[in-house]
Amino acid sequence: MSEKPEVSPPNEPVFNAPWPAVALLVVTVGGYGVQTLVDTGQLLPRWGATAQAIAAGRPQTLITAMFLHASWAHALMNGAFGLAFATPVSRYFGTTAKGLLGFALFYIVCGGLANLAFVMAHGSNLGPLVGASGAVSALAAAAARIAAGRGEVGPVTSPLVIGMGAGWIITNLITAITGFTPGAGGASVAWQVHLVGFALGLVLIEVIGRWSRPARGD
């Protein structure tokens, strides 16, 4: 009786994030690399989100601001967290044309609305708002609901979602009190954007996901 040869299991890839999540990282970090080659003295006031820009009929700055950052630390932090949270969200949406559109809409709508809430609340008291923090916070909320649902959107009341939401609130309240966030690169942190983005992500992952994903058979 011949012995069966030993067969080693296939190696699991160390880095297996779906390509839309990787693309988001490239756009976030690579975009800042391009930004450093441009005169930011003109770029940020023109394309950052401000109440004045909205009043002047330039609502597109709510979106363009998401692809600008204040420093390498800021861009790298948003890129790293964006990749981590976008991985389960991208898998949830899938890579069909409609799924990719749903993923992009979720990211842009959540980030844009979070920026809008911030600039409308602060009026002309602050300089241009830049960064993808609102959208990344929405990805964090969506990832929590997907984890709670084991690949589908779980209930908002699940312990995992409640625990992550509580942690998100506490972390940002600490930021509000101390004014310090690791990776901010010394820039002022718009912590309110994080909270609004998280709240939007909790709701819109279900709304946009229902529209963009194919119907599942029984």
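Just so it is clear, the model here is predicted, and its values are computed rather than measured.

Structural notes on the packing of helix H7 (residues 133–148) against helix H8 (residues 159–178)
When two helices pack together, their arrangement is given by the angle between the helix axes and the distance between those axes.
Right, on to step 1. Between H7 and H8, whose axes approach to 8 Å, the crossing angle comes to 155°. One element, H7, and the other, H8, form an angle in the roughly antiparallel class. As H7 runs across H8, the sense of the crossing is right-handed. Where H7 abuts H8, its residues Ser137, Ala140, Ala144, Arg145, Ala147 and Ala148 lie against Leu160, Val161, Met164 and Trp168.
Right, on to step 2. Broken down by class, the residue content of the contact of H7 with H8 amounts to eight nonpolar, one polar and one charged.

Comments concerning the packing of aromatic side chains
Right, on to step 1. Evaluated as defined, the whole model comprises seven aromatic pairs.
Right, on to step 2. Measuring from centroid to centroid gives 6.3 Å for Phe93 and Phe106, while their planes differ by 45°, and the two rings are tilted. In this pair, Phe93 is assigned in helix H5 (residues 72–93) and Phe106 in helix H6 (residues 97–122), connecting sequence segments 13 residues apart.
Right, on to step 3. A centroid spacing of 5.4 Å and a plane angle of 25° characterise the contact between Trp168 and Phe198, whose relative ring orientation is stacked. Placement of the pair is Trp168 in helix H8 and Phe198 in helix H9 (residues 191–212), with a sequence separation of 30 residues. Here the two residues Trp168 and Phe198 agree in accessibility, since each one is buried.
Right, on to step 4. The structure contains a cluster of three or more aromatic residues connected by ring pairs, namely Phe81, Phe85, Trp168 and Phe198.

Considerations on the nonpolar core
Right, on to step 1. Within the largest apolar cluster, 41 residues are counted, with the highest numbers of intra-cluster contacts made by Val89, Phe93, Phe106, Leu139 and Ile205.
Right, on to step 2. Per element, the largest residue contribution to this core is 10 residues, and it comes from H7.
Right, on to step 3. The contact partners of Ile205, leaving out residues within four places of it in the chain, are Val89, Tyr92, Phe93, Phe106, Ala142, Arg145, Ile146 and Val153.

Things to note about the pattern of salt bridges
Right, on to step 1. Per the stated rule, a full pass over the model turns up two salt bridges.
Right, on to step 2. Here Arg145 and Glu206 are joined by a salt bridge, their closest N and O atoms 3.1 Å apart. Placement of the pair is Arg145 in helix H7 and Glu206 in helix H9, with a sequence separation of 61 residues.
Right, on to step 3. Given the relative accessible area of 33%, Glu206 is considered partly exposed.
Right, on to step 4. Across the pair Glu206 and Arg210 runs a salt bridge whose closest N-O atoms are separated by 3.5 Å.

Concerning the environment of Ala141
Right, on to step 1. Mapped onto the elements of the fold, Ala141 is located in helix H7.
Right, on to step 2. Accessibility expressed as a relative area gives 0% for Ala141, which makes it buried.
Right, on to step 3. It is 9.5 Å that separates the C-alpha atoms of Ala141 and Val156, two residues lying 15 residues apart in sequence.
Right, on to step 4. Not counting chain neighbours up to four residues away, the residues in contact with Ala141 comprise Phe198, Gly201 and Leu202.

What counts and how
- Residues numbered from 1 in each chain as written.
- Predicted model: local features only at pLDDT ≥ 70, side-chain atom pairs only at ≥ 80, totals over all residues.
- Heavy atoms only, no water.
- Axes fitted to C-alpha atoms, helices over the stretch in contact; angles between N-to-C directions.
- Helix = DSSP H or I, 4+ residues; strand = E, 2+ residues; numbered from the N terminus.
- Parallel < 35°, antiparallel > 145°, perpendicular 65-115°, else oblique.
- Left-handed = near helix turned anticlockwise from the far one by under 90°.
- Contact = heavy atoms within 4.5 Å.
- Nonpolar A, V, L, I, M, F, W, Y, C, P; charged D, E, K, R; others polar.
- Phe/Tyr/Trp six-rings, centres within 6.5 Å; stacked < 30°, edge-to-face > 60°.
- Buried < 20%, exposed > 50% of the residue type's maximum accessible area, 1.4 Å probe, protein only.
- Core = buried A, V, L, I, M, F, W, Y, C linked by side-chain atoms within 4.5 Å.
- Salt bridge = Lys/Arg side-chain N within 4 Å of Asp/Glu carboxyl O.

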